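Observations on the three-dimensional arrangement
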Amino acid sequence: MIEKLPLSEKLGYGVGDMAANFVFQAMLALQLSFYTDTFGLTAAQAGTLFLVVGLGSAVFNPIMGVIADQTNTRWGKFRPWLLWTAIPFGVVGVLTFTTPDLSPGGKLVYAYITYSLLRLVYAANNVPYAALTGVMTSDPDERTSIASWRQIFANSAGFIVQSLAIPMVVLFGKGNSAKGYQWTMGAFCVLGAVLFVVAFAATKERIQPDPKQKSSLVRDLADLVKNGPWIALFLATLFYFIAVVMRGGVMLPFFKYAAGDQTLFSWFNGFGLATLLVGVAVSSKLGARFGKRNLFLVSMLLTAAFNASLFVLPASATAAIFASEILRQFSFGISCPVLWAMMGDVADYGEWHTGRRATATVTAAVVFALWAGLALGGWITGLLFDAYGYVANTTQTASSLMGIRLVASVYSGLAYFATAVCLIFYPLTRAKTQQIADELIERRKKFGSELG
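About the cut-offs
Residues numbered from 1 in each chain as written. Predicted model: local features only at pLDDT ≥ 70, side-chain atom pairs only at ≥ 80, totals over all residues. Heavy atoms only, no water. Helix = DSSP H or I, 4+ residues; strand = E, 2+ residues; numbered from the N terminus. Rg over C-alpha atoms; globule rule 2.2 N^0.38 Å. Buried < 20%, exposed > 50% of the residue type's maximum accessible area, 1.4 Å probe, protein only. Contact = heavy atoms within 4.5 Å. Areas by Shrake-Rupley, 256 points an atom, 1.4 Å probe, with all protein chains shown as cover. Lys, Arg positive; Asp, Glu negative; His and termini not counted. Charge placed at Lys NZ, Arg CZ, Asp CG, Glu CD. Expected span 1.5 Å × (residues − 1). Bend = angle between axes of the 7 residues up to and from the residue. Polar contact = N/O pair within 3.5 Å; in protein donor to acceptor, adjacent residues only side chain to side chain. Salt bridge = Lys/Arg side-chain N within 4 Å of Asp/Glu carboxyl O.

**A look at the overall build of the protein**
A count of helical and extended segments in the protein gives 16 helices and zero strands. The C-alpha atoms of the protein give a radius of gyration of 22 Å, which matches the 22 Å a tight globule of 452 residues would have. Here the C-alpha coordinates of the protein stretch approximately 70 × 50 × 40 Å along the principal axes. When each of the 452 residues of the protein is scored for burial, the buried share is 55%. Within the protein, counting contacts between residues at least 6 apart in sequence, those at least 24 apart form 83% of the total. For the protein, the accessible surface area stands at approximately 18200 Å², while carbon and sulfur atoms represent 69% of it. Across the protein, the mean location of the 33 positive side-chain charges is 0 Å away from that of the 23 negative side-chain charges.

**Notes on helix 7 (residues 140-173)**
What sets the pattern is the α-helix's 3.6 residues per turn: residues three or four places apart point alike. Under the 1.5 Å per step criterion, the end-to-end length of helix 7 is 47 Å for 34 residues, consistent within 8% with the ideal 50 Å. At L164, helix 7 shows its strongest bend, of approximately 45 degrees, with the proline P167 following within four residues. Where helix 7 starts, the residue carrying a side-chain oxygen 2.9 Å from the main-chain nitrogen of D141 turns out to be D139. Backbone geometry just after helix 7 places K174 at a positive phi near 50 degrees.

**Quick look at the pattern of salt bridges**
Across all of its chains, the model carries ten salt bridges by this definition. One salt bridge connects E142 with K10, and the closest N-O pair in it is separated by 3.3 Å. Taken as a pair, E142 in helix 7 and K10 in helix 1 (residues 7-29) lie far apart in primary sequence, 132 residues in all. K10 carries the same exposure label as E142, and that label is buried.

This is the structure in structure tokens:
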């Protein structure tokens with residue numbers, strides 16, 4: 001019988017993602033506006049920065065996975081990275097949102113350096129953190145529970161950033177937005193550093209690879225391409241985050257130009273986030289009953305359908321639009337913990353199939369798909385906006401309004417549907433996952449790699 005984890009450990013693990021999301025959510029929601037309106041970059045310079053650094057730094061995720069798998073300390077392989085990166089994460093986070101007194105060319109160089117460092121330290125922190133889910137317990141259902149708490153804290157950080165960041169910028173800046181951003185991110189990063197230490201102290205690594213297993217980068221990567229569940233999850237993650245960025249990035253223009261009331265955007269996000277958290281909260285129980293793959297697949301089909309429904313709703317039908325978003329976000333929220341829990345299951349499958357465990361390498365390779373999806377989603381959205389003739393801060397043409405509606409509904413919905421198609425080829429059913437977990441427990445008893 002696999003021991004259940006105490007609630008305190010799940011909560012302790014969860015606050016680690018709250019810490020990371022103080023910066024991650026700022027990157028998603030604030031960084032473009034900061035770079036263009038405060039820092040002084042053009043929109044084209046900022047977009048190119050996000051694409052170049054995004055794709056370039058995404059390559060570091062698999063490398064970081066290998067480094068984490070080869071780390072050996074008295075605290076484990078993955079937990080120490082939360083401690084080691086806590087302060088560097090905070091310092092670089094503040095520097096990235098600092099406006100230096102430099103020439104336009106100097107600012108551009110500064111932006112590339114600080115944003116690159118932020119993405120690197122984020123990977124050094126987040127890859128081991130994500131891998132930690134797979135070694136805290138052997139129980140597939142407990143992993144879903146852990147991931148659910150993680151998502152609750154992550155989305156709570158998102159709510160805090162989206163609700164309070166701009167008022168904090170105004171409060172701290174007193175008319176100087178550069179100072180406001182620096183102090184706001186300083187507050188978030190100090191709190192984040194403390195929470196990373198809490199997550200380090202509260203968690204425990206219970207699963208270790210066979211002590212006879214020798215580190216081999218070539219072997220670990222070769223095992224990945226033979227891991228069918230990993231390939232399916234990699235592609236699903238790629239389309240998943242392409243969809244997230246396409247849908248998320250277009251809704252402000254939708255309300256500003258199509259609906260004609262930008263103030264609705266905050267209410268839209270508020271209702272959506274509230275129902276997303278409900279979906280996250282019930283995900284663990286639904287996953288235990290129906291299996292993670294089936295739950296994820298149905299979640300994506302429903303999300304795609306509610307996503308596409310926006311196209312047939314008049315832009316003035318505020319109540320109907322909000323209702324469809326509530327249903328969409330609930331459906332989407334169910335999937336949020338499942339994705340992260342499945343990474344541990346895929347690592348189990350690799351160990352079961354090959355006799356070698358490389359939890360962080362498997363996780364990092366999937367996280368690479370996440371960052372690649374974010375970069376590609378933003379790039380695709382930009383291309384589509386340009387193709388339909390979108391011009392910022394002016395009255396939109398019929399063509400550009402159609403482009404906004406299509407990106408917000410059909411095109412991003414197709415990306416969610418593509419995620420569901422990838423999951424059809426994911427072979428780890430609930431029964432298979434439990435079988436693998438049980439057989440691995442018996443194997444580990446022979447070399448004592450599962451600790452109490």
